[in-house]
Amino acid sequence: MAGVLTGEGDPRAASSALPRWNTVVLWSRYGLPLTVFVVLMGAWEATIRYFEVPGYLVPPPSAIVRALWSGLMSGLYLTHAVVTATEALVGFVIGSCLGLTIGMIVVVFPTMERIVYPYIVALQTVPKVAIAPLMVVWFGFGLTSKILVVGLVSLFPVLVNVIAGLRAIDQDRLDLLGALSASRWQIFRYLRFPNALPFIFAGLNTAIVFAVIGAIVGEFVGANQGIGFLILQANYQLDIAGAFSLFVILSIMGVSLHASLRWLQRRCVFWMASSEPVGGGH
Amino acid sequence: MIGTSGAQTLSLERSPETGRIALTVDDVSMIFARGNTSVHALDRISLEVRDGEFIAVVGPSGCGKSTLLKLVTGLRPPTGGRLIVYGREVTRPRGDVGIVFQSPVLLPWRTILENVTLPIDVLKLDAARGRERARELLALVGLAGFEKSYPNELSGGMQQRAAIARALVYDAPLLLMDEPFGALDAMTREQMNLELQRIWSASGKTVVFITHSIPEAVFLADRIVVMSARPGRVLRTLDNPLPRMRSLDDMLHPEFGMLVREIRGLLGGHVAVGESHGGRVDW
Ligand SMILES: Nc1ncnc2c1ncn2[C@@H]1O[C@H](COP(=O)(O)OP(=O)(O)O)[C@@H](O)[C@H]1O
Ligand SMILES: [Mg+2]
């Protein structure tokens, strides 16, 4: 997408002054949060040992680390994480592409809007995960049903933001191109699309979070692999430390997906100074 | 200012044809219908602008100045009368007029050079020549060296210069400017007025310049069109006898003051515009 706009990266990246790596900066940026984390974990561990809380209610951090270690070493977590990540990513890509396409069609061809928009609004208010059981009935326990759930939940935030972004055009900018007798396509290419990019990324950022949720919910409803499936199994066996260690895997997955998207966003929407996207999530 | 020597190297000078009419506004009216109410914005405006002329339009805000410019570009049709630009009646946008708005209206995702060449891209003109011309114009407006910068790296005045370069880059002989310096501070504004005079004389364009600063109009224009409050009518058109090229000191001239006072008198009661702050340069 970046190539459509310019070949060049952020001009400010080179000129912006690097922070000075003195000890104060290092401490406040890494030292302090790390210390707080260690203290919290220590307090948690101590509380559970002191009050002798049983491990099947709340596990101590040490037990979670042990469960995480054995899950990772056996390769079990990786195999299932790959399944969940595949469902989330493939569904996310399908859902966002559909959202982008439908949004563009709706904006560029106003007659389509009257046909499509009522359905969008109607579906918008329904919690999309509610159809997960139906998907399992229709498409079975495999990847397809999860990918479809993920696709559906990630479609809407993208769709709504694309429409908003393509529409949020300054009248002066439209007049500028209008006075040059620009065609509808030229207005889209030179103005509407780049203008919508920050909105699109706001939608994508929401969609990627929804995608992981959708994949897990799909697995809860009916699956024989994936992190959601493992969490259910751990719960049935009252292996709460195991469940917690799977939450850790999930948050690592979520954070890295989100970070990759942010990286892409900084490349594509280089002209926005703030790192926070414009517009609401959904 | 930075690039005052640029004028000599400019390859797109045109010499105006004396006697040729650049723009005719013939009995133009504009009524906006909004629900069941309607706004009478322009009332039977007639105007003639000669090729190469610099004309200023002053009037209270809301009197339809911006509307008049939009009609000239063909962005909307008038509800009455007709407009003729270089002999052809305006029925839709043709890309033969340059526009500068009050705000620079630069696209933040394009470099300054890419912003200036936007009209070249849209009008599908020769890209290589367009870039060449854009570089010359950026030098002319004092922005040489900023080609690769992005708009948010430039000050408001610099952005407005880029907008002027963009309006000049395609050979549109008629340049429309809608309060282009209204958002600038007084010092920058004086500088921009001087430079605009220089750019105008170097490029040989016809300029229609809207402002609500009376001294600015008198400083820049050959003729000043004074409009009334809504519905906008032409109250009077005044010739400006001050010789070219004008300097800021010319504003101390008695003739300058007389013209300013005359226009202020015409605008009478509804002068919410160009009010004096007690100083000599009251913009
Ligand atoms: N698109 C529009 N729809 C309805 N009314 C408009 C529109 N554009 C301008 N007007 C009205 O026309 C009048 C003249 O506006 P404008 O040309 O912007 O004045 P000026 O530029 O002299 O301040 C104003 O009263 C304004 O409210
Ligand atoms: Mg106006």
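Position numbers for residues start from 1 in each chain and track the written sequence from start to end. Whichever chain is written first is A, and whichever ligand is written first is 1; the rest continue in order. Reporting in this predicted model follows two pLDDT cut-offs: at least 70 for local features of residues, and 80 or more for side-chain atom pairs to be given and counted; totals over whole chains, interfaces and linings ignore these cut-offs and use all residues. The side-chain figures draw on all heavy atoms in the structure; neither hydrogens nor water molecules are used.

### Points about the overall build of chain A
So, point 1. What counts as a helix is a DSSP run of H or I of at least four residues, what counts as a strand is a run of E of at least two, and both are numbered from the N terminus. Regarding its fold elements, chain A presents 12 helices and 0 strands.
So, point 2. Reading chain A from its N terminus to its C terminus gives the helix and strand order α-α-α-α-α-α-α-α-α-α-α-α.
So, point 3. Going through the 282 residues of chain A one by one, you find that 41% of them count as buried.
So, point 4. Long-range pairs, those at least 24 residues apart, make up 75% of the contacts in chain A between residues at least 6 apart in sequence.
So, point 5. Roughly 15,100 Å² of accessible area belongs to chain A as shown, and the carbon and sulfur atoms make up 71% of that amount. The buried label applies to any residue whose accessible area, calculated with a 1.4 Å probe on protein chains only, is under 20% of its type's maximum; exposed applies above 50%, and partly exposed to all values in between. Residues count as neighbours in contact if any of their non-hydrogen atoms are within 4.5 Å of one another. Areas reported as accessible are Shrake-Rupley estimates using a 1.4 Å probe. Residue values count occlusion only from the protein chains shown.

### Notes on the site of ligand 1
All names here are of chain B.
So, point 1. Note on terminology: near, applied to a residue and a molecule or strand, indicates that one of the residue's heavy atoms is within 4 Å of it. Residues in contact with ligand 1 amount to 13 residues; listed here are only the nearest, G62, K65, S66, T67 and R230.
So, point 2. Between N or O atoms, a polar contact is any pair within 3.5 Å; within protein, one atom must be a potential hydrogen donor and the other a potential acceptor, and residues adjacent in sequence are included only when both atoms are from side chains. Contact between ligand 1 and C63: an oxygen atom at 3.2 Å from a main-chain N or O atom of the residue.
So, point 3. Between ligand 1 and the protein, one listed contact pairs a nitrogen atom with a side-chain N or O atom of R76 at 3.2 Å.
So, point 4. Protein contacts shield 72% of the accessible area of ligand 1, which totals 560 Å² for the unbound molecule.
So, point 5. The set of elements that each furnish at least two residues to the shell around ligand 1 consists of β1 (21-34), β2 (37-50) and α1 (65-73).
So, point 6. Examining the composition of the shell around ligand 1, we find that 3 residues originate from one element, α1, more than from any other.
So, point 7. For this scheme, ten residues count as nonpolar: Ala, Val, Leu, Ile, Met, Phe, Trp, Tyr, Cys and Pro. Four count as charged, namely Asp, Glu, Lys and Arg, and the remainder, Gly too, count as polar. Among the residues forming the shell around ligand 1, the class breakdown is 4 nonpolar, 5 polar and 4 charged.

### Observations regarding the sheet that holds strand β5 (residues 88-89) of chain B
Residues and elements named next belong to chain B.
So, point 1. If you trace the 4 strands from one edge of the open sheet to the other, you get β2-β1-β4-β5, paired in antiparallel fashion. Each edge of the open sheet is held by one strand with a lone partner, namely β2 and β5.
So, point 2. Axis definition: a line fit to C-alpha positions, over the contact stretch in the case of helices; interaxial angles, taken between N-to-C directions, run 0 to 180 degrees. Packing against the sheet, α1 makes contact with β1, β2 and β4 (80-85), and its axis sits at approximately 115° to β1. When DSSP finds at least two bridges between two strands, those strands are taken to pair.

### So, the interface of chain A and chain B
So, point 1. At the junction of the two partners, chain A supplies 21 residues and chain B supplies 29 residues.
So, point 2. Taken together, the two surfaces of chain A and chain B that pack against each other cover about 2,300 Å², and 66% of this comes from carbon and sulfur.
So, point 3. Two parts placed together each lose some accessible area; with a 1.4 Å probe, that loss summed over both constitutes the buried area. Counting the surface chain A buries against chain B, the share from its top three residues, L176(A), L180(A) and Y190(A), is 27%.
So, point 4. We count a salt bridge whenever a side-chain nitrogen from Lys or Arg sits within 4 Å of a carboxyl oxygen from Asp or Glu. For the pair chain A and chain B, the number of links is 1 salt bridge.
So, point 5. Across the pair K70(B) and D175(A) runs a salt bridge whose closest N-O atoms are separated by 3.1 Å.
So, point 6. Counting across the interface, chain A meets chain B through 4 residue pairs in polar contact (both at pLDDT 80 or more).
So, point 7. Going through the elements one at a time, α2 (11-15), α9 (171-179) and α10 (184-221) of chain A are the ones with two or more residues in the side of chain A that touches chain B.

### Here's the deal with the sheet that holds strand β7 (residues 174-178) of chain B
Residue and element names in this part refer to chain B.
So, point 1. With respect to topology, 6 strands assemble into an open sheet ordered β6-β7-β8-β3-β9-β10, the strand pairing being mixed. Edge positions in the open sheet fall to β6 (97-100) and β10 (234-239), since each of these has one partner strand only. Across this sheet, the average inter-strand angle for adjacent strands is 15°, counted without regard to direction.
So, point 2. Pairing geometry for strand β3 (residues 54-58) and strand β8 (residues 206-211), over 5 bridges, is parallel. Bridged to F54 within β8 is V207.
So, point 3. Where helix α6 (residues 186-203) meets the sheet, it contacts β3, β7 and β8, and its direction lies at approximately 160° from that of β8.
So, point 4. Where helix α8 (residues 254-267) meets the sheet, it contacts β3, β9 (223-227) and β10, and its direction lies at approximately 175° from that of β10.

### Things to note about the packing of helix α5 (residues 76-108) of chain A against helix α6 (residues 110-125) of chain A
The relative placement of two packed helices is expressed as an angle between their axes plus a distance between the axes.
All names here are of chain A.
So, point 1. Following both chains from N to C, one finds α5 and α6 inclined at 125°, their axes separated by 5 Å at the closest point. Put simply, α5 runs oblique to α6. Each of I102, I105, V106, V107 and V108 in α5 lies in contact with α6, whose residues at this interface are P110, M112, E113 and V116.
So, point 2. Here the contact of α5 with α6 is composed, by residue class, of 8 nonpolar, no polar and 1 charged. Roughly parallel refers to an angle under 35 degrees, roughly antiparallel to one over 145, roughly perpendicular to one between 65 and 115, and oblique to any angle outside these ranges.

### Topic: the confidence of the model for chain A
So, point 1. Per-residue confidence from the predictor is given as pLDDT, running between 0 and 100. A residue-level look at chain A finds 89% of positions with pLDDT of 70 or above and a mean pLDDT of 85.
So, point 2. Taken as a whole, residues 275-282 of chain A scores under 50 in pLDDT and shows 22 contacts with residues more than four places along the chain or in a different chain.

### Observations regarding unusual backbone geometry
So, point 1. Residue P231(B) is bonded to the preceding R230(B) through a cis peptide linkage, with omega at -5°.
So, point 2. Examined against the element boundaries, P231(B) turns out to sit in the loop between β9 and β10.
So, point 3. In the segment running from R244(B) into M245(B), the intervening peptide bond is cis, with an omega of -25°.
So, point 4. When you line up the elements, M245(B) lands in the loop between β10 and α8.
So, point 5. Although it is not a glycine, L238(A) sits at a positive phi angle of roughly 55°.

### Quick notes on helix α4 (residues 127-140) of chain B
Residues and elements named next belong to chain B.
So, point 1. What a helix is expected to span follows from its residue count: subtract one and scale by 1.5 Å. Along its 14 residues, α4 runs 20 Å from first to last C-alpha, staying within 8% of the 20 Å computed at 1.5 Å per residue.
So, point 2. Considered for burial, the residues of α4 that qualify are G130, R133, A134, E136, L137, L138, A139 and L140.
So, point 3. Structurally, α4 contributes buried residues whose contacts are with α2 (112-116), α3 (118-122), α5 (156-168) and α6.
So, point 4. Immediately beyond the C-terminal end of α4, within one or two residues, lies G142, with a positive phi of roughly 80°.

### Let's talk about the domain arrangement of chain A
All names here are of chain A.
So, point 1. Residue ranges labeled as domains rest on an automatic or database domain assignment. Per the domain assignment, the segments making up chain A are domain 1 (11-51) and domain 2 (61-272).
So, point 2. Computed from C-alpha atoms alone, the centre-to-centre distance between domain 1 and domain 2 is 30 Å.
So, point 3. Contacts between domain 1 and domain 2 engage 6 residues on the former and 7 residues on the latter.
So, point 4. Across the interface of domain 1 and domain 2, roughly 460 Å² is buried in total on both sides, 60% from carbon and sulfur atoms.
So, point 5. Taken together, domain 1 and domain 2 are joined by 0 salt bridges.
So, point 6. Put simply, domain 1 and domain 2 have 1 residue pair in polar contact (both at pLDDT 80 or more) between them.

### Here we look at the state of the cysteines
So, point 1. Cysteine sulfur atoms that come within 2.5 Å of each other are treated as a disulfide pair. The tally for this structure, following the rule as stated, stands at 0 disulfides over all chains.
So, point 2. C268(A) provides the cysteine sulfur closest to C97(A), a residue in no disulfide bond, and the two sulfurs are 13 Å apart.

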